[in-house]
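Each chain, letter by letter, is given below.
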Amino acid sequence: MAACGAAAAEYSALLSLSCGPITRRRFAVSCRARPPGNLSLRTSMERPQKSTSSEDDTNGAISQIDEKIAAIGNEQQERSKDKHFESDFQLEDFGEMIQNMEKNILLLNQARLQAIEDVDKILTEKEALQKKVDTLEMNLSKALATKGNINTDIPGDHLEKFTKEILIESALSGGNPAHLCESPLFMELTVLKEENMLLKADAQFLKAKIVEFAETEEFLFKLEKERSLLDATVRELEARFLVAQTDIWKVVPLQYDVWMEKVENLQHMLGCLKNHVEKYAALLDQHDDLHDKIDELEASLKEGKTSEFSPYVVELLQQKLKAAKSRHQAGHQETNTHIQVYQQLTEEFQDNLGKLIEESGRLEHSANSMPSEFWSHILLMIDGWFLERKIPNTDARMLREMAWKRDDRICEAYFACKGAKESDVMETFLKLTLSGNSSGLHIVHIAAEMAPVAKVGGLADVVAGLGKALQTKGHLVEIVLPKYDCMQLDQITNLKVLDVVIQSYFDGNLFSNNVWTGTVEGLPVYFIEPQHPSKFFWRAQYYGEHDDFKRYSYFSRAALELLYQSGKKIDIIHCHDWQTAFVAPLYWDIYATRGFSSARICFTCHNFEYQGTAPAPDLSYCGLDVEQLDRPDRMQDNAHGRINVAKGGIVYSNIVTTVSPTYALEVRSEGGRGLQDTLKMHSRKFVGILNGIDTGTWNPSTDRFLAVQYSATDLQGKAANKAFLRKQLGLYSEDASQPLVACITRLVPQKGLHLIRHAIYKTAELGGQFVLLGSSPVPHIQREFEGVADQFQKNNNIRLILKYDEALSHCIYAASDMFIIPSMFEPCGLTQMIAMRYGSVPIVRQTGGLCDSVFDFDDETIPVELRNGFTFARTDEQDLSSCLERAFSYYSRKPMVWKQLVQKDMQIDFSWDSPASQYENLYQSAVAQARGAAQT
Ligand SMILES: Nc1ncnc2c1ncn2[C@@H]1O[C@H](COP(=O)(O)OP(=O)(O)O)[C@@H](O)[C@H]1O
């Protein structure tokens, strides 16, 4: 018995050293399965144990797993919180969600590996324990074998035998067997044996489950991978589809064959799309299988719980299954949504394709269905023939007129000789005869900018927008621009250089100019490329060169030379800003006297801050007579005794306009920057017409720059764009509805720089977010804002992007809730109109065109239907602050009122339709006067 006692002591020591934590955990399992008697027996065995390194390791491993599982749980919760965005994000966020899923899978895999390691540890420890039990049994056997009764070969079964034998022997020797049963060693052995059995069963179960789970996870992983591949392909297909759709209208009129090829391409893509929908459906089936499998696993776990498996293990597996299940459900839902979306897309796609194919039959012969690109191409082709001296002027005129009137015969002739030699095409065209007169006007814009090929600011938008609107009204509209090296060439269709050189006068010499043609936004455009040693438009920027006065006087002269030499009978030459105001005196003083006198000149000043002044002699570069023009009633600047080109534009034009009625009033006094008296003197021909915006380009329901298109009746897309931009710019927010204030502007003093800065800080103070997109031609201003940008670089609520970025500007209009324009003066301002079109409520200073387009929401003197934003009058920070506060208050306290305001703003008609009609009236009365004068 002494040996027995020693063995018991040894066992106890071993137990406390190496098996503490395992025993404690195992014991918890055993407690539930055993009767209370055993429980007390087991409890009496447990004693305070020192924490060992093995215990720490194991506990560490457990808590690691727990943490990972918690992390997965949290992530799932986050995902479900974000759920309402998922439908909005669609493809873009789908990719990210897949990434999240993959991350989760990774975490689960780590947890699984940890669990396997844990089990292995348990098994190792169990084996060690088993060995010790065996040793103990051996010792006991040996002790009893001295009595010659014990077989020590089979320790497992032997324990039973050995126990009985101890009892019998004890009885035979007169001992009390009950005492032996109560001996701690004996009881310990019994418990150990039970423990051993449970451990084995647990480990086996756990292993089986882990293998099963690993298989399920692998399957899920494969499915997710497959789906993400599928998504990438569909995204690519969609992008190609969009490009194909845009392309198709460019290509249609020019090459029927290519058009048909595009249709075939679309058909092929449709096939692919259908294929993908089928694959998605198959994926859905696989998801269903997976669902069943997860259910099975869950059921078997539930069974496991009723038997004697470790609650820890069961819980771990259950949590993993839960995570897998919710991932599976999310995946299932997404796949389903995708199927619906793609089915819808396929149907629409098929519809459009059907229509296109149907139209293709008519296209060859129907002039009316031809887009502007086609007619502009024809016009440029005819002009090219004439300028290259391939056809005489009279024929060119006849053909131009036919093209302008969109005569069916031109269309037929074009398609009849497609693929033929140029000389054959010309011959076919020359056979055509002219009939009838057009009531439309021939209008040529000469400008320094045009959107989207050469844009610095609003002028570019006006030239393109007004040009397109006039073209739509049946006028022949052409544009002449410098050929800048920094132009967006990809925005020009059929750009080609003509095989002709136009000579134009400059500084006592004649210089050659290459003439390029191409269509931009459906308008025929001529680009003049001077062959002058100063490389006037080869400067990598539009303006801001030391010789701007020379560059643009050169361009104005060359542009008129081109028109003159092309022999066109133009009704209106419309020049814009001082850069092309040279045209007015040049036309009347030089070209009209050469018989090129059919046109009337319209000059629009987009901003009286820029007037183009220079020492008087500089005017002579372009051939103007300085002596004649350097007079107070002609081109002499009203203050400085220099030459003022904007003044020349006013004096020498038949029509003078500016870009809003209020600005037209303002410039008659202080706002005229010295030209007020000239304007007053010429007030009969001076008028302010509020600019429009190109509602084709600025349309949130078709804007290809946006993450999601939307409209006034479906504002969900706006929220999605906001979330998208926030992510893109790193503007983090817990609250999706936190107001986003934006400002897109040239950073020049006119725009109220101190108020822009103040608005940034005030917005932050009011709990909003702010985005500024702007750049400055003035280096110290650019640097100053870079300083502000740096200050907020790590701020979650403020972002300054100090560059010109057309695509980003679209995204900001769409994402923002409010749009701030605190200008010191603003001739018209386009950004408030664009902002409203995209549902961003304007907050503006009452000046110039802002007064004509934004009306305060709280101003009871204004009809309710006109109230569309928030305005302030003074140029101090306080006025802006209270205006912002009012807007924030409506936004947060009256969301329904705000929503109605947003919807109302989006529906306001800021198109060019009405302003173009006003220009049309002005043109027509000028032309009528000219014709009347010619008759008398
Ligand atoms: N940094 C920029 N990036 C992209 N677009 C800009 C930027 N700054 C201004 N714009 C665009 O230029 C035009 C500005 O027109 P407008 O409001 O008339 O001002 P201005 O002509 O005085 O510059 C708008 O189309 C606006 O979106």
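Remember, it's a predicted structure, so these values are computed and weren't measured experimentally.

Along the chain, G671 turns up in the loop between α21 (661-666) and α22 (676-681). Residue classification places G671 among the buried positions, given that 21 C-beta atoms sit within 10 Å. Note: C-alpha distance between G671 and G848 (177 residues apart in sequence) is 9.4 Å. In contact with G671, not counting residues within four places along its chain, are F608, Y663, E666 and F825.

Quick look at the site of the ligand now. Taken together, 17 residues lie around the ligand, and G457, G458, Y804, S809 and L830 are the ones closest in. Of all elements in the fold, only α15 (458-472), β12 (740-746), β13 (769-775) and α26 (806-815) reach the threshold of two or more residues within the shell around the ligand. Broken down by class, the residue content of the shell around the ligand amounts to five nonpolar, eight polar and four charged. Each of domain 3 (442-688) and domain 4 (716-910) contributes no fewer than three residues to the shell around the ligand.

Let us look at the sheet that holds strand β5 (residues 523-530). Taken in spatial order, the nine strands of this open sheet run β3-β4-β5-β2-β1-β6-β7-β10-β11, and their pairing is mixed. Two strands in the sheet have a free side with no partner beyond their single neighbour: β3 (493-506) and β11 (686-688). Ignoring strand direction, the axes of neighbouring strands in this sheet form an average angle of 25°. In this fold α15 packs onto β1 (442-446), β2 (476-482), β5 and β6 (572-576), with an angle of close to 155° to the strand it touches most, β2. The strands touched by helix α16 (residues 548-565) within the sheet are β1, β2, β3, β4 (509-520) and β5, with β3 carrying the most contacts at an inclination of about 105°.

This brings us to unusual backbone geometry. A cis amide bond links A451 to the next residue, P452, at an omega of -5°. In this fold, P452 is placed in the loop between β1 and α15. Phi at K535 is positive, roughly 45°, even though this residue is not glycine. Mapped onto the elements of the fold, K535 is located in the loop between β5 and α16. Judged by local crowding, K535 falls into the exposed class, with 12 C-beta atoms found within 10 Å. Notably, D577 is not glycine yet its phi reads approximately 60°, a positive angle. Looking at the element boundaries, D577 is found in helix α17 (residues 577-581). D577 gets classed as buried once you count the C-beta atoms within 10 Å, which come to 24.

Here we come to the confidence of the model for the protein chain. Fine structural detail should not be taken from predicted coordinates in areas where pLDDT scores are low. Looking at the protein chain, the pLDDT average stands at 80 and 70% of residues meet or exceed 70. Long-range and interchain partners of residues 248-255, a stretch whose pLDDT sits below 50, account for 16 contacts in this model, where long-range means more than four residues apart. Note on residues 433-437: pLDDT under 50 across the span, and three contacts to partners over four residues away in sequence or across chains. Predicted as a complex, the structure gets a pTM of 0.62 and an ipTM equal to 0.99.

Right, let's talk about the sheet that holds strand β16 (residues 841-845) for a bit. Here six strands make up an open sheet; going across it, the order is β14-β13-β12-β15-β16-β17 and the pairing parallel. Unpaired on one side and paired on the other, β14 (798-801) and β17 (870-872) mark the two borders of the sheet. Mean inter-strand twist for the sheet, computed between neighbouring axes without regard to direction, equals 15°. Summarising the sheet, β12 and strand β15 (residues 818-821) pair through two bridges and their orientation is parallel. Its bridge partner lying in β15, A742 is registered against F819.

Take the packing of α16 against helix α18 (residues 583-591) next. Close contact between α16 and α18 brings their axes to 10 Å; oriented N to C, the two are set at 50°. Considered as vectors, α16 and α18 are oriented oblique to each other. The crossing of α16 and α18 is right-handed. Residues S556, R557, A559, L560 and Y564 of α16 lie in contact with α18, whose contacting residues are V583, L586, Y587 and Y591. Taken together, the residues of the contact of α16 with α18 break down into seven nonpolar, one polar and one charged.

Another point: the nonpolar core. Among the nonpolar cores identified, the biggest contains 173 residues, and M450, A559, V583 and I601 are the most heavily contacted of them. In terms of residue count, the dominant contributor to this core is helix α11 (residues 372-387) (10 residues). Once residues lying within four places of it in the same chain are set aside, the contact partners of A559 are I446, V480, I528 and V583. Grouped together as the second largest cluster of nonpolar side chains are five residues, I105, L108, A111 and A115 included.

What follows deals with the environment of A616. Mapped onto the elements of the fold, A616 is located in the loop between β8 (613-614) and α19 (626-629). A616 has contacts with V626, D630, R642 and I643, leaving out every residue within four places of it along the chain.

Bringing the pairing of β16 into the picture now. For a regular strand, side-chain orientation follows a simple rule: the groups alternate between the two sheet faces. β16 sits mainly inside the fold: five of its five residues count as buried. Residues of β16 alternate between two faces, with V841, I843 and R845 on one and P842 and V844 on the opposite face, all of them buried. Across four bridges, β15 lies against β16 in parallel orientation. From the neighbouring strand, I821 faces β16, where its bridge partner is V844. The parallel pair β15 and β16 is bridged by helix α27 (residues 831-837), and the resulting crossover is right-handed. The handedness of the β16 to β17 crossover, carried by helix α28 (residues 848-853), is right-handed.

Let us look at the packing of helix α24 (residues 753-765) against helix α29 (residues 877-893). The contact between α24 and α29 brings their axes to 10 Å, and the two run at 40°. In terms of orientation, α24 and α29 fall into the oblique class. Viewed along their axes, α24 and α29 form a crossing whose handedness is right-handed. Note on element contacts: α29 touches α24 through E877, L880, S881 and L884, opposite L755, H758, A759, K762 and T763. Of the residues contributing to the contact of α24 with α29, the split by class is four nonpolar, three polar and two charged.

Counting buried residues in β6 gives five out of five residues, a clear majority hidden from the surface. Here β6 shows no split at all, with I572, H574 and H576 on one side and I573 and C575 on the other all buried. Bridge count between β1 and β6: four bridges; the pairing is parallel. Counterpart to I446 in the pairing with β6 is C575. Note: β6 against strand β7 (residues 600-605), five bridges, orientation parallel. Of the residues in β7, the one forming a bridge with I572 is R600.

The rules we used
Residues numbered from 1 in each chain as written. Predicted model: local features only at pLDDT ≥ 70, side-chain atom pairs only at ≥ 80, totals over all residues. Helix = DSSP H or I, 4+ residues; strand = E, 2+ residues; numbered from the N terminus. Buried ≥ 20, exposed ≤ 12 C-beta atoms within 10 Å, placed from the backbone. Contact = placed C-beta atoms within 7 Å. Near = placed C-beta within 6 Å. Nonpolar A, V, L, I, M, F, W, Y, C, P; charged D, E, K, R; others polar. Domains from an automatic or database assignment. Pairing = 2+ DSSP bridges. Axes fitted to C-alpha atoms, helices over the stretch in contact; angles between N-to-C directions. pLDDT = per-residue confidence, 0-100. Parallel < 35°, antiparallel > 145°, perpendicular 65-115°, else oblique. Left-handed = near helix turned anticlockwise from the far one by under 90°. Core = buried A, V, L, I, M, F, W, Y, C linked by C-beta atoms within 7 Å. Right-handed = clockwise from strand over helix to strand, strands pointing away.

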